[in-house]
Every structure is written in C-alpha cells, then in structure tokens.
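# Descriptive structure summary
Given next are the chains, with one letter for each unit.
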Amino acid sequence: MPAPKKALRRSLTVTSAALTALALLSPAALAAPSPSGSPSASPSVTPPASMSAVGGARLGKPGTQVDLAGGAPVLPKDLTARSWIVADAESGDVLAAHNAHWRLAPASTLKMLFADTLLPKWPKTTKHKVEVSDLAGIGAGSSMVGVKEEETYTVHDLWLGVFLRSGNDAVHVLSAMNGGVGKTVADMNAHADELQALDTTVVSPDGYDMPGQVSSAYDLTLFARSGLQKKDFREYASTVRAKFPGETTKNKKGKISRGTFEIQNTNRLLAGDSDVEVYPGIAGVKNGNTTNAGATFTGVAERGGRVLLVTVMNPAKNDHNEVYKETARLFDWGFAAAGKARPVGELVGPRSATAASPSAEASGEVGGTGKGAAGTQPVAGAQTGGGAGGVGVAAGIAAGVLVLLAGGAFLVNRRWPLPDLVRRRTRP
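Residues numbered from 1 in each chain as written. Predicted model: local features only at pLDDT ≥ 70, side-chain atom pairs only at ≥ 80, totals over all residues. Heavy atoms only, no water.

An unreviewed UniProt entry lists the chain under the name D-alanyl-D-alanine carboxypeptidase, from Streptomyces violaceorubidus.

Laid out in structure tokens, this is it:
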C-alpha cells in the first residue's frame, strides 16, 4: 500500500485535475493536442529511477523485471515499447513487466476507465437526444463514430461507438448525460483511486492529449481487469462489428427514415489487418493512439484455461501495427511461461475489496446492464444490430455467471473464472 504522503499527493493531484478539466471545457481549449513538451507527453526517453511500488517493489524499478524459473522461456528480444506488463487476469500475478509504473500519456486506452466508471449508470435501452452542447469541446483530430446533434441514440449505441470506433463524440455525449465533462473527470479520478491506480490522473475523459493527463501500463491493466468483470464491458470490448444509427432523412414524399452504417472494431488483434492476424483466444480490450502517447494497447486472451492481460505502451518502431505485434509476442511468451516464471508482483484489488465480506453472491455480475437489460446474452465477435459477418477468428463471451465478493468487490488473489466465459468463434 502507498504511504500516506503519496495518498495525500494523489488526492491533491486528482482535485487539481478535476478543476483543470472544468476550466478547459471551451472548444478552443480542446482544439489541438498539447505540444510535445507538455506534462502529458513523456518526460524523457528514460523512466524515472524510482516509481510507484504498488503491486510489489520490483514493479517500481526501471527496466525489465522477470524471474525465469522452472524452465520458463526467455522474453522476446525484439520489444521496443517504453512500458509493458504481462499478468494473469485471474490470480493477479504479474509474470513480467518493463517500466510498469512509468507515468505516460495513455491515449484512448483511458476509455477503459471511462467505461468501467460509467457503464453502471444507465440501462442499455436508455435513449438520449443529442444537444449541440453535448458535442462541444471535442479535440481537433479526434476519432469519431459519427454522432449527430438533434438525433436520438440508445446508451447501447453510444457504448458501441466508444469501444469499436473509440469515438470521442460518444464519450462526450455520455459525459453530458453524466452531468458534464468536469463531473465525469472527477468520477473517473475517484474510481482510479478506488482501484489503487495511483499513477493515473484524468483530465479529459476520452484520453485526448491534455497537460497533466497520465497513466501507466500497470494502471491500464487494473482498469481492464476491473472492467472485464462487467458483462456489458466484456460484450462491447470483444465485438468485432456492429450497425450504428445514421442520420434521419425525409424523402420528397415526406416519409421519414433512418438507416444505419457499419462500424468495425479498431483493435487489430480482434478484427485483423493486412499484416496482423486475429490473435487466437482474444477477447478485447482497448487500443489508442495520440501524438503524445504514441500507440497504446491493453488486450485479454485465453488459452488452455488460462487468461492473460497484456498492456503495451508506445513502441519505438515506426510501424502503425507494432503495438499489436509486440502484444502478440508477449501473449505467446506469457502462455508459454505461465506456471514456470515466478511472479515479480501482483495486480492489487480495489480498496473496498479488503473490507468486503468473504461470502460470494451467485448472481454477482457488476454494473452496466441496468433494469432494462436483464437476461441479455452478450455475444462478442459476432454482429450486433444487424452487422455483417464476423472477421476471422474472434472471441465470444458466454453468458455465464461471474462470482464476486459481496458488496460489488471482485476476487482478489483467487481464481477469477474468465475461462468459463470465453470461447472461440470460428469464421461463419
């Protein structure tokens, strides 16, 4: 656990970030990425000599941390990322890490925290008519799904836009529904603190480059692990393609209609690309790319009954798919080393988990479904809303029950039954 002084500094930083966000809501303030020398950019090409020790002292040391015991294979030699981590999603064991707590710009991987924070707020079927003010302040060059003012969308539509297209427009509409960007930033910082993600300071909820906005490979992995315990999060994160509502039109006869258009997940390990194959057993999670952050990615995959989380931040190679290639190599290593490499740290649980009752609830799915989504069967890697056929081999998420501790806290240092929730889907 961090020292009280660090916790105090974290509290003051979070408060400052929330106030900064409130002061930066004008379109002009968010119109362009912050310059490369800003605090949201990486401070140098080398990590600090000392970083956070949350999860274990070795994780706070610069460089690669791994314990190749029991015949574990050596790590891939062609890794160029500034920071990465390989962890067991169930036990929380960190199998290997490289500058795990280096505070770097997170890009759209920060949307994992956004989703984990806001998914429980509304049922999927909740409808919202977009106002002009909802879309104010979106940064220039932002990734967009195509949300239009004066059109009505369901919360389900908006979350598809967030996860599949990394739509900053969808993020801003959901933030408006939550009381505004400033409140959403404060909620996200509070949730990060609850998850003990102390490297993270949120300034913009969509991950757009902003002064002072940072996270780490360790924290992003915490966000993914927490989010994946939510049924809706698993569904959205592993959906390959879906239909998204278009604009309402009226023909010459006055007939009103509204079509849809297809959106595809930008996670290349899930959807594939010309030089990246779909990774076997992949089940999400989220990618990102900005000027300050470079390419970032957190993925979850299952093989042989074991589930691993890998986060990679800012590979040095000038290849737009390098972050996926390095992630795939780390997955391969992790599955081969599981049960052989000795852990070098752990993914900590949320603060509330230590005070939770040890009794489990059989119906312990957390958040996001709301009253209107009872009985929903999330199927990822399949079409949603009339989408076209799946792409390659994708992951599917079954509707099994995730057993959680009472009070909504998740399992800490116990088996976390994702393998029962993950299955392969072959090409249709």
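### A word on helix H9 (residues 322-337)
Here H9 is 16 residues long and its end C-alpha atoms lie 22 Å apart, about the 22 Å a rise of 1.5 Å per residue gives. Counting buried residues along H9, 12 of its 16 residues qualify, which places the element largely inside the surrounding structure. Glu322, Val323, Tyr324, Glu326, Thr327, Ala328, Leu330, Phe331, Trp333, Gly334, Phe335 and Ala337 are the residues of H9 that are buried. Residue glycine 339 follows H9 closely and has a positive phi angle near 85°. (Helix = DSSP H or I, 4+ residues; strand = E, 2+ residues; numbered from the N terminus. Expected span 1.5 Å × (residues − 1). Buried < 20%, exposed > 50% of the residue type's maximum accessible area, 1.4 Å probe, protein only.)

### Here we look at the nonpolar core
What tends to happen in soluble globular proteins is that the nonpolar side chains get buried as a cluster. Ranked by internal contacts, the top residues of the largest apolar core, which has 67 residues, are Val147, Trp159, Phe163, Tyr218, Phe223 and Phe233. One finds Leu269, Val278, Leu330 and Ala337 within the second-largest nonpolar core, a separate group that totals 30 residues. (Core = buried A, V, L, I, M, F, W, Y, C linked by side-chain atoms within 4.5 Å.)

### Quick notes on the pairing of strand S2 (residues 83-88)
In terms of burial, S2 is largely enclosed, as 6 of its 6 residues are buried. As judged from the 4 bridges shared by S2 and strand S3 (residues 93-98), these two strands associate in the antiparallel manner. Bridging from a neighbouring strand, alanine 87 pairs with valine 94 of S3. As consecutive antiparallel partners, S2 and S3 are separated by 4 residues, and within that stretch glycine 92 has a phi angle of approximately 85°, a positive value. (Pairing = 2+ DSSP bridges.)

### So, the packing of aromatic side chains
Counted by the stated rule, this structure contains 9 aromatic pairs. Centroid distance phenylalanine 331 to phenylalanine 335: 6.1 Å. Interplanar angle 15°. Geometry classified as stacked. One end of the pair, phenylalanine 331, and the other, phenylalanine 335, are both in helix H9, 4 residues apart, so they sit about a helical turn from each other. (Phe/Tyr/Trp six-rings, centres within 6.5 Å; stacked < 30°, edge-to-face > 60°.)

### Overview of the side chain of lysine 230
Locating lysine 230 in the fold gives a position in the loop between helix H6 (217-227) and helix H7 (231-237). Judged by its relative accessible area of 5%, lysine 230 is buried. Among the polar contacts listed, one links the side chain of lysine 230 to the side chain of aspartate 116, at a separation of 2.4 Å. (Polar contact = N/O pair within 3.5 Å; in protein donor to acceptor, adjacent residues only side chain to side chain.)

### Some remarks on the side chain of histidine 98
Tracing the sequence through the fold places histidine 98 in strand S3. Looking at histidine 98, the relative accessible area reads 18%, which means it is buried. Within polar-contact distance, the side chain of histidine 98 engages the side chain of asparagine 99 at 3.2 Å. For histidine 98, the contacting residues outside a window of four places in its chain are Gly63, Thr64, Ala81, Arg82, Ser83 and Trp84. (Contact = heavy atoms within 4.5 Å.)

### What about the pairing of strand S10 (residues 306-313)?
The buried count for S10 comes to 7 of 8 residues, which makes it a mostly enclosed element. For strand S9 (residues 294-303) and S10, the ladder comprises 8 bridges, and the chain directions are antiparallel. Following the sheet pairing, phenylalanine 297 is matched in S10 by valine 312. What sits between S9 and S10 in their antiparallel hairpin is a turn of 2 residues, with glycine 304 showing a positive phi close to 60°.

### Notes on the packing of helix H3 (residues 155-165) against helix H4 (residues 168-177)
A packed helix pair is summarised by two numbers, namely the angle formed by the two axes and the spacing between the axes. Direction vectors running N to C along H3 and H4 enclose 135°, while the axes themselves pass 8 Å from each other. When the axes of H3 and H4 are compared, the pair comes out oblique. For the pair H3 and H4, the sense of crossing is left-handed. Residues Val155, Leu158, Trp159, Gly161 and Val162 of H3 form the contact with H4, whose own contacting residues are Ala170, Val171, Val173, Leu174 and Met177. Classifying every residue of the contact of H3 with H4 by side-chain character gives 9 nonpolar, 1 polar and no charged. (Axes fitted to C-alpha atoms, helices over the stretch in contact; angles between N-to-C directions. Parallel < 35°, antiparallel > 145°, perpendicular 65-115°, else oblique. Left-handed = near helix turned anticlockwise from the far one by under 90°. Nonpolar A, V, L, I, M, F, W, Y, C, P; charged D, E, K, R; others polar.)

### So, the environment of asparagine 99
With respect to the helices, strands and loops of the structure, asparagine 99 is situated in the loop between S3 and helix H2 (111-118). The exposure class assigned to asparagine 99 is buried, which follows from its relative accessible area of 4%. Between the alpha carbons of asparagine 99 and threonine 64 there is a distance of 6.7 Å; along the sequence they are 35 residues apart. Setting aside anything within four residues of it in sequence, one finds asparagine 99 in contact with Pro47, Met51, Pro62, Gly63, Arg82 and Ser83.

### Looking at unusual backbone geometry
The residue after glycine 284, namely valine 285, is reached through a cis peptide bond having omega 25°. Topologically, valine 285 is positioned in strand S8 (residues 282-290). Backbone geometry at asparagine 99 places phi at a positive 50°, although glycine is not the residue there. Here alanine 107, not a glycine, exhibits a phi torsion of approximately 55°, which is positive. Locating alanine 107 in the fold gives a position in the loop between S3 and H2.

### A closer look at H2
Buried residues dominate H2, accounting for 8 of its 8 residues. Within the sequence span of H2, burial applies to Lys111, Met112, Leu113, Phe114, Ala115, Asp116, Thr117 and Leu118.

### Some remarks on the packing of H2 against H4
Two elements in contact, H2 and H4, have axes whose closest approach is 12 Å; the angle formed by their N-to-C orientations is 30°. Between H2 and H4, the angle is such that the two are roughly parallel. Considering the relative orientation of H2 and H4, their crossing is left-handed. Across the interface between the two elements, Lys111, Phe114 and Leu118 of H2 pack against Asn168, Val171, Leu174 and Ser175 of H4. For the contact of H2 with H4, a count of residues per class yields 4 nonpolar, 2 polar and 1 charged.

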